[in-house]
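For reference, the chains in residue letters:
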Amino acid sequence: MSDDPRVPGEDEKAEPDHVLHAPGISIETTDIGYDRLKGDRRAPPRLRRIDIVVLLLLLLATGLTRFVRLSEPGDVLPASDPACTASPPIGKTCYEPIPTDEVHYIPDARDVLRYGTESDSRVSAEDGPYIVHPPVAKWFIAAGMRIFGDRPFGWRFFGALFGTFSVLIMYLLALRLWASPWWAAAAGTLLAADGLWFMQSRIAMLDIYVAVFVLAGIWLLVVDRDVTQPDHRGFRWWRIAAGAMFGLAIASKWDALPFIGVGIASTMAWDAVRARDAADRRYVGKVAGTLGALVLLPIAIYIASYTPWFVDSHRYNLPQCSKDTTTFSFGVYHLGGLAGQWLCYQHEVYNFHANLQKYVTTTDPTTGKTVKSPGHPYYGNAWTWPWIGRPVAHYYQTTGSGPSQRDSEILGLPNPMIWWPGFFIGFIALAWWTYKKDTTASFIFALFVAGWFPFLILGDALGKPVFMFYATPLVPYVVLTLVHVLYRSVRRWPQLMPYAVGYVVACVGAFAYFYPILAALPIPYGGAFGWARHIWFSDRFHFFKIKGDCSVPNKIKLLCWI
């Protein structure tokens, strides 16, 4: 029997000839259906009224969880506070940003509103290194401030909006992959119920923008795959739209690059299958079109995103690139002026990231021995992501004492009910099914690898800093992994359907349980539902009686949620 549930009873050796095998990836033209004789593609199933109602309810619930209490935390600071004098607010009231990491991006967004670009007016030895990310995500933070004011709700509005509508994108992508509104609803629900995705949707950081732009680009590529006829000539607008999304993604943060690589490889493979099946000799031209849409267009958008930097004299620049005599060399070619300064800036940004180190070397004053310590208390290792070894506490505050003590926290904690099965069952299953020629599994597996393996290599093998929130763009593909496992299991054993529904409900229940420490909801310190009971891995309050390593000094924590 075949391992692919779409072709039960087919001999495994009778491999369909419209499957392309490339290194590390096997891709069929579509999982919804491909008629080689007619050369057309079937559209996803028509949505019934109940499907639309379910989707709208899902979007409503997602939006409510993102926007309710969006202004918390956000205390008012006195005008003399150093945070207010270093970066004066736009308006009379100064609010406190979340220490990790709104404090870096709110000042940049204020400069965007004042000058159109990050400014050199407040650059200091401490602040300068943090302006090492492209500007697009900061434009959205600034737009929220323009509409709603320089206050927490304004800073976080568009992040919450992106987090809400990401569920719609996930629904549409899953509908393309499995041709079922119910599996699409399951994917959207699991994405909405992930704690890391939720938290990043409610904080003025860059990662949610990168993740949603990438997700939109992947969805658009799958649409392009499904709707483009083999004899199509001219522009492929879905693919061009995907390229635009990828351009906005890398113009927000460079973390998008591995996903773009998967998108390019997948599109070229799909086109190769299409060309072979249709005896089309225009494949070279299609490769050129793919590279134009998915390489040149993103590069053009990335460069264009710096237009305000070029036109405003307040532009931020690194000291070594700010001189009028600065030139940037390409072999025997030398480029000066603003273009040379910009290329120098980009090169120094690369050097900044390349030279970051996870550990700092100090000397123990008592023993005189050299000690290597983590450069940040929340540095982690990507190989600990499967068991959520070191989530980042972005905010923590305690008030009162004794029985009246209340604790508020924003912990970047993925949903364990999603994360643990996704890595320990789903990732392994995807790898196996990829080997067995399951084309949907191979596509999701490649995206999973794009979101995890770069940090295993750069962060762990090469000793570069890694934070848990770097996994934000990976979350959708952990979700797709789980849905594919559920889909294949139910297709083979239909009696498992109630258990699949129960699992999705359990994930929502786990999200509700962890909500207080994801959204800074003040809760008692003790008690059955107190703060301590939510911190499953620590030295003192270990839920599973597994002693954590939170109190171990001078090391990267492997099992610590505080």
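So, here is what we can say about the structure in this document. No experiment lies behind these values; they were computed from the predicted model shown.

As for the sheet that holds strand β11 (residues 393-399)
Then, in step 1: Strand order in the open sheet formed by three strands is β11-β12-β13, with antiparallel pairing between adjacent strands. The open sheet is flanked by β11 and β13 (523-524), the only strands paired with a single partner.
Then, in step 2: Relative to β13, strand β12 (residues 406-411) runs antiparallel, the two sharing two bridges. Its bridge partner being in β13, Asp-407 is matched across the sheet by Ile-523.
Then, in step 3: Seen against the sheet, helix α17 (residues 497-518) touches β12 and β13 and runs at an angle of roughly 100° to β12.

Observations concerning the nonpolar core
For soluble globular proteins, nonpolar side chains are generally found buried alongside one another.
Then, in step 1: Judged by nonpolar contacts, the single largest core of 155 residues is most densely connected at Ile-141, Trp-178, Trp-385, Trp-419 and Val-479.
Then, in step 2: Discounting residues that sit within four places of it in the chain, Val-479 has contacts with Met-170, Ala-187, Leu-190, Leu-191 and Ile-418.

Some points on the environment of Arg-315
Then, in step 1: Assignment of secondary structure puts Arg-315 in the loop between α12 (307-311) and β7 (328-330).
Then, in step 2: A relative accessible area of 18% means that Arg-315 is categorised as buried.
Then, in step 3: As a C-alpha pair, Arg-315 and Tyr-115 span 200 residues in sequence and 8.2 Å in three-dimensional space.
Then, in step 4: Among all residues touching Arg-315, those that are not within four sequence positions of it are Thr-117, Glu-118, Asp-120, Trp-309, Phe-310 and Leu-338.
Then, in step 5: Among the polar contacts listed, one links the side chain of Arg-315 to the backbone oxygen of Phe-310, at a separation of 3.1 Å.

Describing the packing of aromatic side chains
The relative placement of two aromatic rings is captured by the distance of their centres and the angle of their planes.
Then, in step 1: Under the definition given, this model contains 55 aromatic pairs.
Then, in step 2: Relative to Tyr-470, the ring of Phe-467 has its centre 5.6 Å away and its plane inclined at 85°; by these criteria the two rings are edge-to-face. Assigned by exposure class, Phe-467 and Tyr-470 land together as buried.
Then, in step 3: In this structure an aromatic cluster arises from ring pairing among Phe-67, Phe-140, Phe-148, Phe-153, Phe-157, Phe-158, Phe-162, Tyr-209 and Phe-213.
Then, in step 4: When the ring centre of Tyr-435 is taken as origin, the NZ or CZ atom of Lys-437, which lies over that ring, is 5.8 Å away.

Comments concerning the pattern of salt bridges
Then, in step 1: Applying the stated criterion across every chain yields a total of 15 salt bridges.
Then, in step 2: One salt bridge connects Lys-138 with Glu-118, and the closest N-O pair in it is separated by 2.7 Å. Highlighted residues: Lys-138 in helix α4 (residues 136-148) and Glu-118 in the loop between α3 (102-115) and α4, separated in sequence by 20 residues.
Then, in step 3: Exposure remark for Lys-138: the relative accessible area of 0% places this residue in the buried category.

What to know about α4
Then, in step 1: Across its 13 residues, α4 extends 19 Å between first and last C-alpha, which sits within 8% of the 18 Å expected from 1.5 Å per residue.
Then, in step 2: All of the buried residues in α4 are Val-136, Ala-137, Lys-138, Ile-141, Ala-142, Gly-144 and Met-145.
Then, in step 3: Lining the buried residues of α4 we find α3, α5 (152-178), α8 (207-227) and α9 (237-250).
Then, in step 4: Among the residues trailing α4, Gly-149 stands out with phi positive, at a value near 100°.

Side note on the state of the cysteines
Then, in step 1: In the structure shown here, the tally under the stated rule is three disulfides.
Then, in step 2: Paired by a disulfide, Cys-84 and Cys-94 hold their sulfur atoms 2.0 Å apart. An S-S torsion of about -95° defines the bridge between Cys-84 and Cys-94 as left-handed. With a gap of ten residues between them, Cys-84 in helix α2 (residues 82-86) and Cys-94 in strand β6 (residues 94-95) connect regions that are remote in the sequence.
Then, in step 3: Overall, the relative accessible area of 4% leaves Cys-84 in the buried class.
Then, in step 4: The residue that forms a disulfide with Cys-321 is Cys-344, at a sulfur-sulfur distance of 2.0 Å. Of note, the bridge from Cys-321 to Cys-344 carries an S-S torsion of about -70° and is left-handed in sense.

Overview of the side chain of Gln-405
Then, in step 1: Looking at the secondary structure, you find Gln-405 in the loop between β11 and β12.
Then, in step 2: A polar atom in the side chain of Gln-405 sits 3.3 Å from the side chain of Thr-398.
Then, in step 3: Not counting the four nearest positions on each side in its chain, Gln-405 is found in contact with Thr-398, Thr-399, Gly-400, Ile-523, Pro-524 and Tyr-525.

Conventions we followed
Numbers given for residues are sequential positions, taken from 1 along each chain in its written order. With pLDDT at 70 or above as the cut-off, local features in this predicted model cover only qualifying residues; side-chain atom pairs require 80 or more to be listed or tallied, and sums for whole chains, interfaces and linings still use all residues. Side-chain figures throughout are based on the complete set of non-hydrogen atoms in the structure, without hydrogens or water. Whether two strands pair depends on DSSP finding at least two bridges between them. A helix here means a DSSP run of H or I that spans at least four residues, while a strand means a run of E at least two residues long, and both kinds are numbered starting from the N terminus. The contact criterion used throughout is that any non-hydrogen atoms of two residues lie within 4.5 Å. Orientation is described by lines fitted to C-alpha atoms, with helices fitted over the stretch in contact, and by angles between N-to-C directions that extend from 0 to 180 degrees. Side-chain atoms within 4.5 Å are what join buried Ala, Val, Leu, Ile, Met, Phe, Trp, Tyr and Cys residues into a set we call a nonpolar core. Burial classification: accessible surface area is computed with a 1.4 Å probe over protein chains only, and a residue below 20% of its type maximum counts as buried, one above 50% as exposed, and the rest as partly exposed. Polar contacts, as used here, are pairs of N or O atoms within 3.5 Å; protein pairs need one atom able to donate a hydrogen and one able to accept it. Residues neighboring in sequence count only if both atoms are side-chain atoms. A pair of Phe, Tyr and Trp rings is counted when the ring centres sit within 6.5 Å of each other, with Trp represented by its six-membered ring. The angle between the planes then sorts it: under 30 degrees is stacked, over 60 is edge-to-face, the rest tilted. Geometrically, a charge over a ring is one whose NZ (Lys) or CZ (Arg) sits within 6 Å of the ring centre while staying within 35 degrees of the ring normal. Throughout this description, the term salt bridge denotes a Lys or Arg side-chain nitrogen within 4 Å of a carboxyl oxygen of Asp or Glu. Multiplying 1.5 Å by the residue count of a helix minus one yields the expected span of that helix. Throughout, a disulfide means two cysteine sulfur atoms within 2.5 Å of one another.

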